[in-house]
Amino acid sequence: MILAINEIAKRPRLISDIEDIIYIKDKRKDILKSIVIPAKYISFLKDKLEDIEYELWLQRNKKGLKRDINNLFDDAIDDIGNKLD
């Protein structure tokens, strides 16, 4: 089932009692925004959901992960030194 964002805004119950997979689409821009899958299928999706959550975590923490490990240790040593002073 494909629903527009404004349909869900008008009738949120459409996604609360679902039995089918719902594709949420921005019909003006013709862009798929989300997919809602009933929770009863979580056992099929558990591994993939963990992969997706890890990928999202990597994207959020990309900047910190790119830092040079030596700089990270130097910063930690500086922080400890500042707290001891």
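Use the structure listed above.
Since the structure is predicted, the reported quantities are computational estimates derived from the model, not experimental observations.

*Asks:* Would you explain the pattern of salt bridges in this entry?
*Replies:* All told, the structure shown has two salt bridges when counted by the stated rule. Between Lys-40 and Glu-19 there is a salt bridge, and its shortest N-O distance comes to 2.9 Å. Of this pair, Lys-40 sits in the loop between strand E3 (31-36) and helix H3 (42-60) while Glu-19 is found in the loop between helix H2 (13-16) and strand E2 (22-26), placing the two residues 21 residues apart along the sequence. Between Asp-30 and Lys-25 there is a salt bridge, and its shortest N-O distance comes to 2.7 Å. The partly exposed category is assigned to Lys-25, whose relative accessible area is 23%.

*Asks:* I'm lost on the nonpolar core in this one. Help?
*Replies:* In globular proteins that are soluble, nonpolar side chains generally tend to be buried together. Residues Leu-3, Ile-8, Ile-18, Ile-22 and Ile-24 constitute the largest nonpolar core, which totals five residues. Every residue in contact with Ile-8, bar those within four places of it in the chain, is listed here: Leu-3, Ile-15 and Ile-24.

*Asks:* In this structure, what is going on with the pairing of E3? I would like to understand it.
*Replies:* Here is the key point about a regular strand: its side chains alternate between the two faces of the sheet. With five bridges joining them, E2 and E3 adopt antiparallel strand pairing. Each residue of the ladder has a partner; that of Asp-26, found in E3, is Ile-31. Counting the residues that bridge the hairpin from E2 to E3 gives four residues, and of these Asp-30 lies at a positive phi of roughly 55 degrees.

*Asks:* Teacher, can you tell me more about the packing of aromatic side chains here?
*Replies:* Within a pair of aromatic rings, the relevant descriptors are the distance that separates the centres and the angle that separates the planes. Taken as a whole, this structure holds two aromatic pairs when the rule is applied. With 6.2 Å between their ring centres and 35 degrees between their planes, Tyr-41 and Phe-44 make a pair best called tilted. Arranged with centres 6.1 Å apart and planes meeting at 20 degrees, the rings of Tyr-54 and Trp-57 form a pair that is stacked. Here Tyr-54 and its partner Trp-57 are both found in helix H3, three residues apart, which amounts to about one turn of the helix.

*Asks:* Is there a simple way to think about the pairing of E2 in this case?
*Replies:* A one-sided burial pattern is seen for E2, the buried positions being Ile-22, Ile-24 and Asp-26 and the unburied ones Tyr-23 and Lys-25. Taken together, the three bridges between strand E1 (residues 2-4) and E2 define a ladder with parallel strand orientation. If you follow Ala-4 over to E2, its bridge partner there is Lys-25.

*Asks:* Explain a nonpolar patch on the surface here, please?
*Replies:* On the surface, Ile-2, Ile-21, Tyr-23, Leu-32, Ile-35, Ile-37, Tyr-41 and Phe-44 cluster together into a nonpolar patch covering about 750 Å² of accessible area. In this structure, Ile-21 sits in the loop between H2 and E2. Residue classification places Ile-21 among the partly exposed residues on the basis of a relative accessible area of 35%.

What counts as what
- Residues numbered from 1 in each chain as written.
- Predicted model: local features only at pLDDT ≥ 70, side-chain atom pairs only at ≥ 80, totals over all residues.
- Heavy atoms only, no water.
- Salt bridge = Lys/Arg side-chain N within 4 Å of Asp/Glu carboxyl O.
- Helix = DSSP H or I, 4+ residues; strand = E, 2+ residues; numbered from the N terminus.
- Buried < 20%, exposed > 50% of the residue type's maximum accessible area, 1.4 Å probe, protein only.
- Core = buried A, V, L, I, M, F, W, Y, C linked by side-chain atoms within 4.5 Å.
- Contact = heavy atoms within 4.5 Å.
- Pairing = 2+ DSSP bridges.
- Phe/Tyr/Trp six-rings, centres within 6.5 Å; stacked < 30°, edge-to-face > 60°.
- Patch = residues over 30% accessible without salt bridge, like charges linked within 9 Å, V, L, I, M, F, W, Y side chains within 5 Å.
- Areas by Shrake-Rupley, 256 points an atom, 1.4 Å probe, with all protein chains shown as cover.

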